[in-house]
Amino acid sequence: MAVVLATAMVAYLTVALTHARRHLDNVVCSSLQVVVKDSAINRFVHKDDIPTIFRASGKTYFGKRLCEISTYELEQTLKERSLIKRADVYTTADGALHVNILQRRPIVRVYTSNEQNFYIDADGYVVQPYSGYTSHVPIVNGYISSPFPRGFKGDMFAYFKEKKICDTLYTQIYNFAKYLDSHPFWQAQVEQVYIPRSGKVEFVPRVGAQIIRLGSFENFEYKLHKLITLYEKGISIKGWNAYDLIDLSYSNQVICKLK
């Protein structure tokens, strides 16, 4: 009896699944449902951009049977946009095409001396700016050239490896920006990093009217620790705006230049 019931159940499920598959094969796409998961953090991509991207790439979906829609091709079309980190596309039996987007999250913006500018995200991915939105991240500029071709987008470290480029400066910029990003105080305090012709790295704080000189990115954690110690124990003697320059580039000391 058990064998008969099991056989009957398998037969029933086979027929039911076949019927469901035939039904789905005849369902046409009637709606597009887009979710940008991190829209509260960045606004590089709006849900209204997605149909425009599909149209520009010649990808149609409305009125097509679900079985004729290649969700993989649609995902790849979206991933070609450097501002999109992940795209998940799938269909449901009600005729909806679903698109879930995760944007890239920049941690620094670089302006080069050869008139390029781009973001670097938390994964070391170079992202070209979007004219409709600006991410409020620290800026690095000054006498710094770009090792990338104009308009480049992609994994910075993979590019260096492929081209056999040993670019310590961009690695240092990335590591410094990652540190700022992971420490709310420094993320709020460091607004712009400037690399002058001398190569002595400086930054402008959001609070205070002085220039902070790092000298280089080497041992920046230690140098920032010296600065926060000065903020906590020494800056109150003269006040935030009493100094033109705070120099952290020397070991075991901080040099402050009064106005």
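Coordinates for the structure precede this section.
*Asks:* Explain the overall build of the protein to me, please; I cannot follow it from the model alone.
*Replies:* Broken down by element type, the protein carries eight helices and 13 strands. Classification of the 259 residues of the protein by burial places 41% in the buried group. Across the protein, contacts joining residues at least 24 apart in sequence account for 57% of those joining residues at least 6 apart. By element, 54% of the accessible surface of the protein is carried by carbon and sulfur atoms, the whole surface being about 14800 Å².

*Asks:* Help me out: how do you make sense of the packing of aromatic side chains in this one?
*Replies:* Both the distance between ring centres and the angle between the ring planes are used here to describe each pair of aromatic rings. Counted by the stated rule, this structure contains 18 aromatic pairs. Taking the centre distance of 5.3 Å and the plane angle of 75° together, the rings of Tyr179 and Phe220 count as edge-to-face. With Tyr179 in helix H5 (residues 168–182) and Phe220 in helix H7 (residues 220–233), this residue pair connects regions lying 41 residues apart in the sequence. Residue classification places Tyr179 among the buried positions, given a relative accessible area of 19%.

*Asks:* Help me understand the sheet that holds strand S13 (residues 255–258), please; the structure alone is not making it clear to me.
*Replies:* For sheets, the rule is that strands pair by backbone hydrogen bonds, running either parallel or antiparallel. The sheet built from ten strands is open, its strands ordered S8-S6-S5-S4-S7-S9-S10-S11-S12-S13 with mixed pairing. For this open sheet the edge positions go to strand S8 (154–155) and S13, each flanked by a neighbour on one side alone. Judged from the three bridges that link them, strand S11 (residues 211–215) and strand S12 (residues 243–247) form a sheet pairing that is parallel. Bridging across to S12, Ile211 finds its partner in Leu245. The sheet strands contacting H5 are strand S4 (106–111), strand S5 (117–121), strand S7 (139–142), strand S9 (190–195) and S11, and the helix crosses S4 at an angle near 140°.

*Asks:* Please explain the pairing of S7 as it appears in this structure.
*Replies:* Every other side chain in a regular strand lies on the same face of the sheet, so the side chains alternate between the two faces. In this sheet, S7 lies alongside S4 in parallel orientation, the contact comprising two bridges. If you follow Val110 over to S7, its bridge partner there is Val140. Across four bridges, the pairing between S7 and S9 is parallel. Pairing of Asn141 across the sheet is with Tyr194, part of S9.

*Asks:* Looking at this structure, how should I read the side chain of Arg104?
*Replies:* Tracing the sequence through the fold places Arg104 in the loop between strand S3 (96–103) and S4. For Arg104, a relative accessible area of 11% gives the class buried. Engagement of the side chain of Arg104 in a polar contact is seen with the side chain of Asp121, the distance being 3.0 Å. Sequence-distant contacts of Arg104, defined by excluding residues within four places in its chain, comprise Asn42, Phe44, Ser82, Leu83, Ile84, Lys85, Asp121, Asp123, Tyr125 and Val127.

*Asks:* Quick question: what am I supposed to make of the nonpolar core here?
*Replies:* Here is a general trend for soluble globular proteins: nonpolar side chains tend to be buried in one another's company. If you look at the biggest cluster of nonpolar residues, it comprises 39 residues, and the most contacted ones within it are Phe148, Tyr170, Leu224 and Leu227. Broken down by element, this core gets its largest block of residues, seven residues, from H5. For Phe148, the contacting residues outside a window of four places in its chain are Gln116, Phe118, Val126, Met156, Tyr159, Phe160 and Tyr170. Formed by 27 residues, the second largest nonpolar core is a distinct cluster that contains Phe54, Ile84, Val89 and Tyr133.

The rules we used
- Residues numbered from 1 in each chain as written.
- Predicted model: local features only at pLDDT ≥ 70, side-chain atom pairs only at ≥ 80, totals over all residues.
- Heavy atoms only, no water.
- Helix = DSSP H or I, 4+ residues; strand = E, 2+ residues; numbered from the N terminus.
- Buried < 20%, exposed > 50% of the residue type's maximum accessible area, 1.4 Å probe, protein only.
- Contact = heavy atoms within 4.5 Å.
- Areas by Shrake-Rupley, 256 points an atom, 1.4 Å probe, with all protein chains shown as cover.
- Phe/Tyr/Trp six-rings, centres within 6.5 Å; stacked < 30°, edge-to-face > 60°.
- Pairing = 2+ DSSP bridges.
- Axes fitted to C-alpha atoms, helices over the stretch in contact; angles between N-to-C directions.
- Polar contact = N/O pair within 3.5 Å; in protein donor to acceptor, adjacent residues only side chain to side chain.
- Core = buried A, V, L, I, M, F, W, Y, C linked by side-chain atoms within 4.5 Å.

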